[in-house]
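Letter by letter, the chains look like this.
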Amino acid sequence: MSNKITVTSPLLPDLDEFHSMLKEIWDSKWVTNNGQFHKQLEHALCEYLKVPYISLFTNGTLPLLTALQALRITGEVITTPYSFVATTHSIWWNGCRPVFVDIKEDSCGIDPERVEAAITPNTTAIMPVHCYGMPADMDRIQEIADKYGLKVIYDAAHAFGVEVNGKSVLNAGDLSTLSFHATKVFNTLEGGALVMHDEKTKQRIDYLKNFGFAGETEVVAPGINSKMDEVRAAYGLLNLKQVDDAIAKRQHIVQRYREALRDVPGIRFFEDTPGVRHNYIYFPIFISEGQYGCSRDELYFRMKEHGIWGRRYFYPLISTFSTYRGLPSATPSNLPVATKIANEVICLPIHPNLSDEDIERIINEIKKP
Ligand SMILES: Cc1ncc(COP(=O)(O)O)c(C=O)c1O
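So, a few notes on the structure that sits alongside this text.

Criteria and cut-off values
- Residues numbered from 1 in each chain as written.
- Predicted model: local features only at pLDDT ≥ 70, side-chain atom pairs only at ≥ 80, totals over all residues.
- Heavy atoms only, no water.
- Near = heavy atom within 4 Å.
- Polar contact = N/O pair within 3.5 Å; in protein donor to acceptor, adjacent residues only side chain to side chain.
- Nonpolar A, V, L, I, M, F, W, Y, C, P; charged D, E, K, R; others polar.
- Phe/Tyr/Trp six-rings, centres within 6.5 Å; stacked < 30°, edge-to-face > 60°.
- Helix = DSSP H or I, 4+ residues; strand = E, 2+ residues; numbered from the N terminus.
- Buried < 20%, exposed > 50% of the residue type's maximum accessible area, 1.4 Å probe, protein only.

1. A short note on the site of the ligand
Consideration 1: Not every one of the 16 residues close to the ligand is listed here, only the nearest: Gly60, Thr61, Asp155, Ser179 and Lys184.
Consideration 2: Gly60 places a main-chain nitrogen or oxygen 2.8 Å from an oxygen atom of the ligand.
Consideration 3: Ser179 places a side-chain nitrogen or oxygen 2.8 Å from an oxygen atom of the ligand.
Consideration 4: Tallied by class, the residues present in the shell around the ligand amount to 5 nonpolar, 9 polar and 2 charged.

2. Details of the packing of aromatic side chains
Consideration 1: This structure, assessed with the given rule, holds 19 aromatic pairs.
Consideration 2: Residues Tyr132 and Phe314 carry aromatic rings whose centres are separated by 6.2 Å and whose planes lie at 20° to one another, so their mutual orientation is stacked. Placement of Tyr132 in the loop between strand E4 (123-127) and helix H6 (138-148) and of Phe314 in the loop between helix H10 (296-305) and helix H11 (336-342) is noted, with a sequence separation of 182 residues between them. Like Phe314, Tyr132 is buried.
Consideration 3: Measuring from centroid to centroid gives 5.5 Å for Phe270 and Phe286, while their planes differ by 70°, and the two rings are edge-to-face. Of this pair, Phe270 sits in the loop between strand E10 (267-269) and strand E11 (276-277) while Phe286 sits in strand E12 (residues 283-287), and the two are 16 residues apart along the sequence. As far as the burial class goes, Phe270 and Phe286 line up, both buried.
Consideration 4: Counting every residue linked through ring pairs, the aromatic cluster contains Tyr82, Tyr132, Phe270, Tyr282, Phe286, Tyr313 and Phe314.

Next up, the structure:
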């Protein structure tokens, strides 16, 4: 199929500028282990994201694993089945038991009332996701965590730059994780980060991502290797300069989609929430088969046949994968909203290079009788 429209496309820095930075790395011969670009990117991200401390990682999965290690989480962790598998995998890899609870239809975020109902004496933490960059119900989740003495680790892989009333959502809970994967609003090819509130926690996490080394001869924890190298840090510094422009382009696409699809029966989507600075990382639409006239899958495959690659994200639910479906909390009757949404969703193509003609082609395909 010619003229394939992909669901996403990476934000790439200017190649000449990247080349000059590579030259600096080559000249310095310092390619990883907390180099100058690594330090600069941590500093620049703290400013851009309005967070006090950040630690860079090689991807967005290792910060999840490390967050659970850093807080010494054990037993049961309450989480959402409506996410990318890495969220639940990180709980499993830490030897903890994921406990799935249902989501709310208005944000696709974890339902705090379901969280409270799922707490047992073995619960030690809650791991919510700011799904599609829609802020989770942070106040209510914190209230519950405080009441029961639980930690909160946000999987904020989708929430780069998202703010509520001028404050970053990354400051909520005990720790927040980010992904800088090529598909994200801000990317370092592969990459990620942990956001924390204080210097002591940053120090501990910096040890953990460097094998647990605290100095030349001392290891203070069974750490891992997840240090971001200088090449990716340089790439990140360049991309940070153009991320606001990329978000503005995404917003333009979302506005066009909303205008065109608002009156199509059987299609729902999220509107902007007052007071929220959205990052427009995804544009999910939800298909009600009865009103729209065909199923989500029929539309998805028809689009694909015509060269338009949406993504059924998140489908299937994490709780339905063979690894997790035996868990008592994975039963579909425990997760009616997530089950319904997973069968209705298509994320439409969205990225800064999507042309107006491509947007029209996508809209026309969806509006076809
Ligand atoms: C919600 C969520 N969590 C975690 C991850 C993992 O991030 P990475 O691919 O950078 O390891 C992703 C990546 O897509 C994600 O969407």
